[in-house]
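# Fold and geometry: a report
The lines below spell out each chain.
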Amino acid sequence: MEGASMGPSEASVAMYNLKDAYSFWDVLNNSPVWQDRIFHALAALYGIVSIVALVQLIRIQQRVPEYGWTTQKVFHFLNFLVNGARCLTFIFRHDIQELTPEIYQHMLLDLPSLAFFTTYALLILFWAEIYYQARTVSTDGLRPAFFTINGIVYAIQIALWLIIWWKPINTLVILSKVFFAGVSLFAAFAFLLYGGRLFLMLKRFPVESKGRRKKLQEVGYVTTICFTCFLLRCIMMCFNAFNESANLDVLEHPVLSFIFYLLVEILPSSLVLFILRKLPPKRGIIQYHAIR
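Procedures and definitions
Residues numbered from 1 in each chain as written. Predicted model: local features only at pLDDT ≥ 70, side-chain atom pairs only at ≥ 80, totals over all residues. Heavy atoms only, no water. Helix = DSSP H or I, 4+ residues; strand = E, 2+ residues; numbered from the N terminus. Buried < 20%, exposed > 50% of the residue type's maximum accessible area, 1.4 Å probe, protein only. Contact = heavy atoms within 4.5 Å. Areas by Shrake-Rupley, 256 points an atom, 1.4 Å probe, with all protein chains shown as cover. UniProt positions renumbered as here; feature names shortened; annotations may be inferred. Axes fitted to C-alpha atoms, helices over the stretch in contact; angles between N-to-C directions. Parallel < 35°, antiparallel > 145°, perpendicular 65-115°, else oblique. Left-handed = near helix turned anticlockwise from the far one by under 90°. Nonpolar A, V, L, I, M, F, W, Y, C, P; charged D, E, K, R; others polar. Salt bridge = Lys/Arg side-chain N within 4 Å of Asp/Glu carboxyl O. Patch = residues over 30% accessible without salt bridge, like charges linked within 9 Å, V, L, I, M, F, W, Y side chains within 5 Å. pLDDT = per-residue confidence, 0-100.

## As for the overall build of the protein
Secondary structure summary: the protein contains nine helices and zero strands in total. Across the protein, helices and strands are ordered from the amino to the carboxyl terminus as α-α-α-α-α-α-α-α-α. Counting over 292 residues, the protein shows a buried share of 43%. The contacts of the protein with a sequence gap of at least 6 include a subset with a gap of at least 24, amounting to 77%. Roughly 16,300 Å² of accessible area belongs to the protein as shown, and the carbon and sulfur atoms make up 68% of that amount.

Given below as structure tokens:
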């Protein structure tokens, strides 16, 4: 059939374009100038998100100073810390790359990821409490479960770091990355479970109001964003573990690192902070109780 196959000249052009694309990718990855630009851009973006979270935390504190460390305040504070730590990581990336043994580099890269998990696990806890309180089910076990799950995750990761420090073999590094991919998958499905439950509960709520519609949209958007974010992190961490060309170490693949951190941390954090930007009422909201 005419036009069913690619002619020699078309094939040559396609191969040339593909080769040119790989060449451009290599130029960006291997150029010190482009490395600096990419990592400075990441540092700037993380710095902006960190400042936004801090400003929002201050606004919330000024609005409801009579309450202690509410879930909302802790969530914004952790966002400030996580994004601020990432910003410093990319500012001092050259110093981090020179750290020995190499496990120190892994720790400095992975600690903000663990804190990111804790930050958004706190949001899952908040939604679970709202859901069970609305159904008049006891929530006494939720906070202990939250601290227990986080404690187990941190303990396993620290144990893996210590083992890698004692015996730095590649298999253990892969195991550490696969473990965090599993943690991300767990977080993705937790968002789907409790975000979905809360969304359906609000949808069935008999009273139609502007506040209900806005809360329904808020829960739906945040659930979709966070589920997608953690699922993407899981997939990309698996590629990172088993594919050397997908290595996400700070200076190995700057373009890939930029795409990864933009998709799984910067963009989701920015969107969630924007969606949850509404300040709480000054009085009378029972869910703003102190973190114990």
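Continuing now.
## Overview of the UniProt feature "transmembrane region" (unreviewed entry) in the protein
Taking the numbering used here, the UniProt-annotated feature "transmembrane region" (unreviewed entry) corresponds to residues 38–58, 74–93, 113–132, 144–166, 178–200, 221–242 and 254–276. For residues 254–276, helix accounts for 96% and strand for 0%, while the C-alpha atoms at its two ends are 31 Å apart.

## Details of the environment of Val272
Checked against the element boundaries, Val272 lands in helix H9 (residues 254–275). Taking relative accessible area as the criterion, Val272 reaches 0% and is therefore assigned buried. With 50 residues separating them along the chain, Val272 and Val222 place their C-alpha atoms 6.1 Å apart.

## Some remarks on unusual backbone geometry
A negative phi holds for most residues other than glycine; trans holds for most peptide bonds. Not every positive phi belongs to a glycine, and Thr136 is a case in point at roughly 50°. For Thr136, the position within the fold is in the loop between helix H5 (103–134) and helix H6 (142–166).

## Concerning the packing of helix H2 (residues 32–63) against H9
Between H2 and H9, the least distance of the axes is 11 Å, while the angle of their chain directions is 15°. On the basis of their axis angle, the class for H2 and H9 is roughly parallel. Once H2 is placed against H9, the crossing between them reads as left-handed. Along its contact with H2, which presents Gln35, Ile38, Phe39, Ala41, Leu42, Leu45, Tyr46, Val49, Val52 and Ala53, the element H9 presents Pro254, Val255, Ser257, Phe258, Tyr261, Leu262, Glu265, Ile266, Ser269, Ser270 and Leu273. Of the residues contributing to the contact of H2 with H9, the split by class is 16 nonpolar, four polar and one charged.

## Points about the pattern of salt bridges
Under the defined criterion, the tally for this structure stands at five salt bridges. Taking the shortest distance from any N to any O, the salt bridge between Arg93 and Asp36 comes out at 2.4 Å. Note that Arg93 is positioned in helix H4 (residues 93–97) and Asp36 in helix H2, a separation of 57 residues in sequence. For Asp36, a relative accessible area of 26% translates into the label partly exposed. Note that Arg233 and Glu265 form a salt bridge whose closest N and O atoms lie 2.6 Å from each other. Within this pair, whereas Arg233 is found in helix H8 (residues 210–242), its partner Glu265 is found in helix H9, the two being separated by 32 residues in sequence.

## Some words on the packing of H2 against helix H3 (residues 71–91)
Closest axis-to-axis distance for the H2/H3 pair is 8 Å, and the angle between their directions is 160°. Relative to H3, the element H2 is oriented roughly antiparallel. Crossing of H2 over H3 shows left-handed handedness. Classifying every residue of the contact of H2 with H3 by side-chain character gives 14 nonpolar, nine polar and two charged.

## Brief notes about a nonpolar patch on the surface
Judged by side-chain polarity, Tyr104, Ile158, Leu162, Ile163, Trp165 and Trp166 come together as a nonpolar surface patch covering roughly 690 Å² of accessible area. Tracing the backbone through its elements, the reader meets Ile158 in helix H6. With a relative accessible area of 40%, Ile158 lands in the partly exposed category.

## Side note on the confidence of the model for the protein
Taken residue by residue, the protein gives an average pLDDT of 83. The fraction at 70 or more is 82%. The spread of mean pLDDT over the elements of the protein runs between helix H1 (residues 8–30), the lowest at 55, and H3, the highest at 94. Every residue in residues 1–6 is under pLDDT 50, and counting partners more than four places away or in other chains gives three contacts. In this model, residues 285–292 is a region of pLDDT below 50 whose contacts with residues beyond four sequence positions or in other chains number 21 contacts.

## Regarding the environment of Leu78
Note on placement: Leu78 falls in helix H3. Overall, Leu78 belongs to the buried group, its relative accessible area being 19%. Between the alpha carbons of Leu78 and Ala53 there is a distance of 8.6 Å; along the sequence they are 25 residues apart. Once residues lying within four places of it in the same chain are set aside, the contact partners of Leu78 are Thr118, Thr119 and Leu122.

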